[in-house]
Amino acid sequence: MTTTTSPRVLEHPARDQIRLEEVLHALSDAVRLRIVQQLAREQTELSCSYFDLPVTKSTTTHHFRVLRESGVIQQMYQGTAKLNCLRRTDLDALFPGLLDSVLAAAGAQDGREGEGEAA
């Protein structure tokens, strides 16, 4: 007798369930913003292990969960790896210009911080 196992499925909000305040909360943390910046820059699915973050593995898991539950990212399993991608289409449809504005502001801030270190 064979048993079939269902693929591991992670809960994500549907597009119409994504709330602005939850997206803003998710993007307000420096580590989560860094994850979103990298996903936006790479424009592809990235495994959790791709990210070199200055926090513990359990804290990293928490940050990915907040991003997923807020609707900022989509996560799916491929074998044993958990892949992450930005829900840009959904976010742009719901909040036009928000993601681009946040990413541009974060990039400008990173540039200012880099200039301060060089001085």
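Counting restarts for each chain: residues are numbered from 1 in the order of the written sequence. Given that this is a predicted model, residues contribute local features only at a pLDDT of at least 70 and side-chain atom pairs are listed and counted only at 80 or more, while totals for whole chains, interfaces and linings are drawn from all residues. Hydrogens are left out, water is left out, and the side-chain values use all remaining heavy atoms of the structure.

1. A word on the overall build of the protein
Alright, step 1. In DSSP terms, a helix is any run of H or I states spanning at least four residues, a strand is any run of E spanning at least two, and both are numbered starting from the N terminus. Each helix and strand in the protein was counted, giving 5 helices and 3 strands.
Alright, step 2. Across the protein, helices and strands are ordered from the amino to the carboxyl terminus as α-α-β-α-β-β-α-α.
Alright, step 3. Once the C-alpha set of the protein is aligned to its principal axes, its extents read approximately 70 × 30 × 20 Å.
Alright, step 4. The rule is simple: take the accessible area with a 1.4 Å probe, protein chains only, and divide by the maximum for that residue type; under 20% is buried, over 50% is exposed, in between is partly exposed. By the burial criterion, 35% of the 119 residues in the protein qualify as buried.
Alright, step 5. For the protein, the accessible surface area stands at approximately 7600 Å², while carbon and sulfur atoms represent 51% of it.
Alright, step 6. Counting rule for charge: Lys and Arg are taken as positive, Asp and Glu as negative, and neither His nor the chain ends is counted. Charge placement uses NZ in Lys and CZ in Arg. For Asp and Glu, CG and CD serve respectively. Averaged over its 13 positive side-chain charges, the protein has a centre that lies 6 Å from the centre of its 16 negative ones. Only the protein chains shown count as cover for residues, and all accessible areas are computed by the Shrake-Rupley method using a 1.4 Å probe.

2. Considering the packing of helix α1 (residues 20–27) against helix α3 (residues 57–70)
Pairs of packed helices are described in terms of their axes, by the angle between the two and the distance that separates them.
Alright, step 1. Orientation is described by axes fitted as lines to C-alpha atoms, over the contacting stretch for helices, and by angles from 0 to 180 degrees between their N-to-C directions. Where α1 contacts α3, the two axes come as close as 9 Å, and the packing angle between them is 155°. Between α1 and α3, the crossing angle belongs to the class labelled roughly antiparallel. Regarding α1 and α3, the two cross each other, and that crossing is left-handed. Touching E22, V23, H25 and A26 of α1 are V66, L67, E69 and S70, all from α3. The cut-offs work like this: below 35 degrees is roughly parallel, past 145 is roughly antiparallel, 65 to 115 is roughly perpendicular, and the gaps in between are oblique. In this scheme the crossing of two helices becomes right-handed for a clockwise turn of the near helix relative to the far one and left-handed for an anticlockwise turn of less than a right angle. The contact criterion used throughout is that any non-hydrogen atoms of two residues lie within 4.5 Å.

3. Here we look at the environment of L83
Alright, step 1. Inspection of the secondary structure puts L83 in strand β3 (residues 81–86).
Alright, step 2. For the pair formed by L83 and Y50, sequence separation is 33 residues and the distance between their alpha carbons is 9.6 Å.
Alright, step 3. Those residues in contact with L83 that sit more than four places away from it in its chain are E45, L46, S47, Q74, Q75, M76 and Q78.

4. Regarding the packing of aromatic side chains
Alright, step 1. Note on ring pairs: Phe, Tyr and Trp rings are taken, using the six-membered ring of Trp, and paired if centres are within 6.5 Å. Classes follow the plane angle, with under 30 degrees stacked, over 60 edge-to-face and the rest tilted. Enumeration according to the criterion identifies 2 aromatic pairs in this entry.
Alright, step 2. Ring geometry for Y50 and F51: centres 5.4 Å apart, planes at 85°, overall edge-to-face.
Alright, step 3. Judged by centre distance (5.4 Å) and plane angle (65°), the ring pair of F51 and F64 falls under edge-to-face. Here F51 is found in the loop between β1 (46–47) and α3, whereas its partner F64 is found in helix α3, with 13 residues between them in sequence. Summarising the burial analysis for this pair, F51 and F64 share the class buried.
Alright, step 4. Pairwise contacts between aromatic rings join Y50, F51 and F64 into one cluster.

5. Let's talk about the pairing of strand β2 (residues 73–78)
For a regular strand, side chains alternate in direction, first toward one face of the sheet and then toward the other.
Alright, step 1. One requirement defines pairing of two strands: DSSP has to find at least two bridges between them. In the sheet, β2 pairs with β3 via 6 bridges, with the strands oriented antiparallel. Looking at the pairing, Q74 lines up with C85 of β3.
Alright, step 2. Here β2 folds back onto β3, and the loop between the two strands holds 2 residues, one of which, G79, carries a positive phi near 65°.

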